[in-house]
Protein chains: 2
Amino acid sequence: MGVGDDAAVLRPTLGRDVVVTCDTLIEGRHFDLRYMSAVDVGYRAMVVNVSDVAAMGGEPVWAVVALELRDAIDEAFVETMYDGVLEASRAYGFAVVGGNVVGGVTRLGIAVTMGGEVDAGKAWRRAGAKVGDGVYVTGVLGGAALGLRALRVGSDGGEADSAATWIARYRRPTARLVEARALARAGCVTACIDVSDGLAQDLGHLADASGVGLVVQARDIPLAPGYDKGAERFFDDPWTAALSSGDDYELAFTSRAVPPVGTRIGDVVAGSGVSMIDRYAAPIRLPHRAGFDHGSDPR
Amino acid sequence: MGVGDDAAVLRPTLGRDVVVTCDTLIEGRHFDLRYMSAVDVGYRAMVVNVSDVAAMGGEPVWAVVALELRDAIDEAFVETMYDGVLEASRAYGFAVVGGNVVGGVTRLGIAVTMGGEVDAGKAWRRAGAKVGDGVYVTGVLGGAALGLRALRVGSDGGEADSAATWIARYRRPTARLVEARALARAGCVTACIDVSDGLAQDLGHLADASGVGLVVQARDIPLAPGYDKGAERFFDDPWTAALSSGDDYELAFTSRAVPPVGTRIGDVVAGSGVSMIDRYAAPIRLPHRAGFDHGSDPR
C-alpha cells in the first residue's frame with residue numbers, strides 16, 4: 001500500500017524471516033554537502049541499510065525514511081535527495097513504504113529503517129565462525145577513504161584516473177547484495193559483518209561474537225586501484241585507508257568452503273581478537289582509535 | 001535475537017500482515033525537557049508509534065530506536081530515557097529489537113520505527129468510511145493541550161485537580177491499543193486514524209481518503225475533566241484545545257454498527273470535508289492553521 005495511512009501494510013513471504021535494521025546519516029557527521037550532492041546523500045542513506053541487510057544474508061524488501069530538515073533546506077533539495085532514495089530502491093529492489101518529515105533541526109538528518117527477508121533460520125550472524133574456516137572480504141578496500149581525502153585536500157594525489165574511481169566509490173558506495181545472494185545460495189558462510197567501521201574493527205566484532213581469533217595476512221587484502229600511491233600521498237601510514245575506513249561497505253565473512261565470491265585474507269584460529277600480519281610476518285599496529293571516520297570533520 | 005548483529009531477525013506469524021510505521025520526536029519541536037522528563041520522552045516516543053499501529057487495527061510487535069544525541073546529553077540521561085522506552089515496551093507488549101546512536105546533533109532526537117501485525121487483509125485504512133456510518137472517537141479530548149498550556153504558563157487555571165490530570169495526560173499519553181483490539185474483534189470499523197494533528201484536521205484526512213463528508217456535533221465530543229474552565233482560562237476560543245491538539249492520541253473512526261468502545265460524535269454523509277456543528281446548529285470555525293502543535297515553542 002502507498003504512503004498516507006498511519007502505517008504501511010506488508011505481507012511477509014511464507015517460510016522467510018524478516019530482518020530489520022536502521023541507520024541514520026547526520027550532516028557534518030556522516031556526510032558533508034561540500035563533498036556529495038543531495039542525490040548522493042539520499043542514495044547513500046539507503047545503501048548503508050541495504051549493506052546491513054546483505055550482511056545478514058537477506059534481500060531488502062521495504063524501507064521507511066524519516067527526514068529531519070533544517071531551515072535552509074528547501075523543497076527542491078528534498079526532492080533531489082528523494083531522487084537518490086528512489087534510484088537506490090530501483091537498484092536494490094526494495095519499496096519505500098512510508099516515512100515522515102520533521103523540521104526544526106540544525107543539521108540535516110535522514111533516518112532509515114529497512115526490512116528484508118531471509119529464508120527462515122538462515123540469517124547470518126556475527127557469531128558462527130569456526131576454527132579452520134577461511135576469512136574473506138568482497139570487493140576492494142581503501143577506495144572510499146582515499147576518495148574522501150582527495151575531496152578534502154582538493155588534490156588527486158597525482159593519481160588522476162584512480163582518484164576519480166576513489167571519489168565515485170566514496171560518493172556512491174555499492175552494497176554487496178549480489179555477492180551476498182551468491183554466498184547465500186552456496187550456503188558456505190559461517191559468520192558475516194559489513195565493513196562499516198573499518199576492516200580491523202569490524203573483524204574484531206566478528207571474532208568477539210564468535211569466540212575465536214582471526215589471523216589476517218595484510219598482503220592478501222584486496223586494495224583499490226592506485227592504493228599504494230594514494231595512501232603514501234594522503235596518509236601517514238600505509239594501512240589506515242584500507243583497515244580503518246567504513247565507507248567501502250564491503251562484506252567480511254568466514255566460510256567453511258571456498259566461496260563463489262570474495263578474496264581469502266586469513267584464517268579463523270583458536271584464541272581471540274584480530275592479528276594483522278604484514279609481509280614480513282610482523283604484526284601491524286594501527287593508529288589509536290582507527291575506524292568510525294565516515295565523517296566530514298577533518299581530524 | 002538480541003541487538004548486536006547488523007540487523008534483527010523476526011519470524012512473522014502465518015496469516016498476519018506486517019504494519020510498519022515511523023515517528024520522530026525532536027527536542028524543541030515535539031517535546032521540551034522543561035515540561036517532561038527523560039523517561040517521559042522515551043515513553044512518549046514509543047506511544048506515538050503504538051498509536052499508529054493501533055490506528056491500523058494492529059498489535060505492536062517490535063521497534064527499533066535511533067537516538068540522536070547532542071553534546072550535553074550524558075549516559076545517565078540516555079539510560080533514563082531508555083527506561084521509558086522499556087516501560088512502554090512492557091505496557092504495550094512489543095520488543096525493542098535494535099537501534100543505533102549517533103552524536104553531533106544540536107537537538108536531541110529519537111526516531112522510532114515500529115512493526116506490528118494484523119490479520120491478513122484486515123488492516124484499517126483512512127479510506128473505507130461509507131455514507132450512513134457513524135463517526136466515533138475513543139476516550140476524551142483536550143486534556144493534553146490544557147496540560148501543555150498549564151505547564152507553559154505555570155498555572156493550573158484554577159482547576160488544581162483537573163490540571164494534574166491534564167498534565168499527566170500530556171506527559172504520559174495512552175495509545176488506544178486495548179480499544180483497538182476490542183474494535184478489531186467486533187469487526188465494525190470501516191476507517192480509522194489516530195488523532196495526532198487534532199480531531200478536525202485528522203477527520204479531514206479520513207474524509208478525503210474515503211471520499212465522503214463528515215458532520216460532527218461538537219456537543220457530543222467527549223472532553224477532558226474540567227475542560228470548559230481550562231479552555232476559558234487558557235485559550236481564546238472554546239474549541240482549539242479539543243479540536244486542534246494531537247497530543248491526546250485518541251482514535252477517530254467510522255463504524256457500520258454500534259462499536260464496543262468509543263463515543264458517537266457524528267455521521268458520514270455524501271459530500272466532502274468535515275463540518276463541525278455547535279449546539280445551535282451553526283458551523284464552528286477554527287483558528288487558521290489549527291493542528292500540529294505538539295511542540296514546546298509557544299506561539
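Criteria and thresholds
- Residues numbered from 1 in each chain as written.
- Chains lettered and ligands numbered in written order.
- Predicted model: local features only at pLDDT ≥ 70, side-chain atom pairs only at ≥ 80, totals over all residues.
- Helix = DSSP H or I, 4+ residues; strand = E, 2+ residues; numbered from the N terminus.
- Rg over C-alpha atoms; globule rule 2.2 N^0.38 Å.
- Contact = placed C-beta atoms within 7 Å.
- Domains from an automatic or database assignment.
- Nonpolar A, V, L, I, M, F, W, Y, C, P; charged D, E, K, R; others polar.
- Pairing = 2+ DSSP bridges.
- Axes fitted to C-alpha atoms, helices over the stretch in contact; angles between N-to-C directions.
- Least-squares fit on C-alpha atoms with pLDDT ≥ 70 in both.
- Parallel < 35°, antiparallel > 145°, perpendicular 65-115°, else oblique.
- Buried ≥ 20, exposed ≤ 12 C-beta atoms within 10 Å, placed from the backbone.
- Expected span 1.5 Å × (residues − 1).
- pLDDT = per-residue confidence, 0-100.
- Core = buried A, V, L, I, M, F, W, Y, C linked by C-beta atoms within 7 Å.

A. Focus on the overall build of chain A. Counting secondary structure elements, chain A contains 8 helices and 11 strands. Rg of the C-alpha trace for chain A: 19 Å, near the compact-globule value of 19 Å for 299 residues, within the 12% margin. Seen along its three principal axes, the alpha-carbon backbone of chain A occupies a region of about 60 × 50 × 30 Å. At a minimum sequence separation of 6, the contacts of chain A that also span at least 24 residues come to 87%.

B. Representation of the domain arrangement of chain A in the model. Residues and elements named next belong to chain A. Each assigned domain of chain A is listed here: domain 1 (16–119) and domain 2 (134–277). Taking only C-alpha atoms into account, the centre of domain 1 sits 23 Å from that of domain 2. Listed by partner, the interface residues are 14 residues for domain 1 and 17 residues for domain 2. In terms of residue count, helix α1 (residues 38–55) provides more of the side of domain 1 that touches domain 2 than any other element does, 10 residues in total. Among the residues making up the side of domain 1 that touches domain 2, the classes are represented as 9 nonpolar, 2 polar and 3 charged.

C. Main features of the sheet that holds strand β4 (residues 95–105) of chain A. Ordered in space as β4(A)-β3(A)-β5(A)-β2(A)-β1(B), the 5 strands form an open sheet in which the pairing is mixed. Strands at the two margins of the open sheet, each flanked by one partner only, are β4 of chain A together with β1 (8–10) of chain B. Shown here is a sheet whose adjacent strand axes are inclined to one another by a mean of 20°, direction ignored. As defined by bridge partners, strand β2 (residues 16–26) of chain A adjoins strand β5 (residues 109–119) of chain A across 11 bridges and the pair is classed as antiparallel.

D. How the structure looks around the interface of chain A and chain B. The interface is formed by 48 residues belonging to chain A together with 48 residues belonging to chain B. Elements that contribute at least two residues to the side of chain A that touches chain B include exactly β1 (8–10), β2, α1, β3 (59–70), β4, β5 and β7 (189–194) of chain A. The element that contributes the greatest number of residues to the side of chain A that touches chain B is β2(A), accounting for 9 residues. For the side of chain A that touches chain B, the residue count by class is 24 nonpolar, 12 polar and 12 charged. In this sheet, strand β2 (residues 16–26) of chain B lies alongside β1(A) in antiparallel orientation, the contact comprising 3 bridges. Across the sheet, the residue bridging to A:Val9 is B:Val19, located in β2(B).

E. Inspection of the relation of the copies chain A and chain B at higher detail. Overlaying chain A with chain B gives an RMSD of 0.0 Å, the required rotation being 180° about an axis along which the chain moves by 0.0 Å. One copy is carried onto the other by what is essentially a two-fold rotation axis.

F. Region of the structure containing the packing of helix α3 (residues 143–153) of chain B against helix α4 (residues 160–171) of chain B. Residues and elements named next belong to chain B. Close contact between α3 and α4 brings their axes to 7 Å; oriented N to C, the two are set at 105°. Of the possible angle classes, the one that applies to α3 and α4 is roughly perpendicular. From α3, Gly143, Ala144, Leu146, Gly147, Leu148, Ala150 and Leu151 reach across to α4, where they touch Ala163, Thr165, Trp166, Ile167, Arg169 and Tyr170. Grouping the constituent residues of the contact of α3 with α4 by class yields 9 nonpolar, 3 polar and 1 charged.

G. Looking closely at the sheet that holds strand β3 (residues 59–68) of chain B. Pairing within the open sheet is mixed, and its 5 strands lie in the order β1(A)-β2(B)-β5(B)-β3(B)-β4(B). Looking at the sheet topology across the chains shown, the edges are occupied by β1 of chain A together with β4 (95–102) of chain B. Direction aside, the axes of adjacent strands within the sheet are offset by 20° on average. Set on the sheet, helix α1 (residues 38–55) of chain B makes contact with β2, β3 and β5 (109–119) of chain B; between it and β2(B) the angle comes to about 140°.

H. Representation of the environment of B:Ile26 in the model. Checked against the element boundaries, B:Ile26 lands in strand β2. With 22 C-beta atoms packed within 10 Å, B:Ile26 lands in the buried category. With 251 residues separating them in the primary sequence, B:Ile26 and B:Ile277 have C-alpha atoms 35 Å apart. Not counting the four nearest positions on each side in its chain, B:Ile26 is found in contact with A:Glu68, A:Val102, A:Gly104, A:Val105, B:Arg107 and B:Gly109.

I. Representation of α4(B) within the structure. Residue and element names in this part refer to chain B. Here α4 spans 17 Å end to end across 12 residues, near enough to the 16 Å set by a 1.5 Å rise per residue. Looking at α4, one finds that the buried residues are Ser162, Ala163, Trp166, Ile167, Arg169, Tyr170 and Arg171. Buried residues along α4 sit against α1, α3 and α7 (227–234).

J. Layout of unusual backbone geometry. Despite not being glycine, A:Tyr249 shows a phi value in the positive range, around 55°. We classify A:Tyr249 as buried; it has 24 C-beta atoms within 10 Å.

K. Representation of the confidence of the model for chain A in the model. Residue and element names in this part refer to chain A. In this model, chain A carries a mean pLDDT of 90, and residues with pLDDT of at least 70 account for 94%. In this model residues 288–299 is a low-confidence stretch, pLDDT under 50, and it forms 26 contacts with partners more than four residues away in sequence or in other chains. Both scores are given for the predicted complex: the pTM is 0.84, the ipTM 0.76.

L. Structural view of the pairing of strand β8 (residues 213–217) of chain A. Residue and element names in this part refer to chain A. The alternating pattern of β8 places Leu214 and Val216 on a buried face, while none of Gly213, Val215 and Gln217, on the opposite face, is buried. In this structure, β8 lies alongside strand β11 (residues 273–277), joined through 5 bridges in parallel fashion. Counterpart to Val215 in the pairing with β11 is Ser275. Sheet topology note: the β8/strand β10 (residues 263–269) ladder contains 4 bridges and is antiparallel. Of the residues in β10, the one forming a bridge with Leu214 is Val268.

M. Broad picture of the nonpolar core. Counting residues in each nonpolar core, the largest one holds 185 residues, and the members touching the most others are A:Val19 and B:Val19. In contact with A:Val19, not counting residues within four places along its chain, are A:Val53, A:Met56, A:Gly58, A:Gly115, A:Gly116, A:Val118, A:Ala123, B:Ala7, B:Ala8 and B:Val9.

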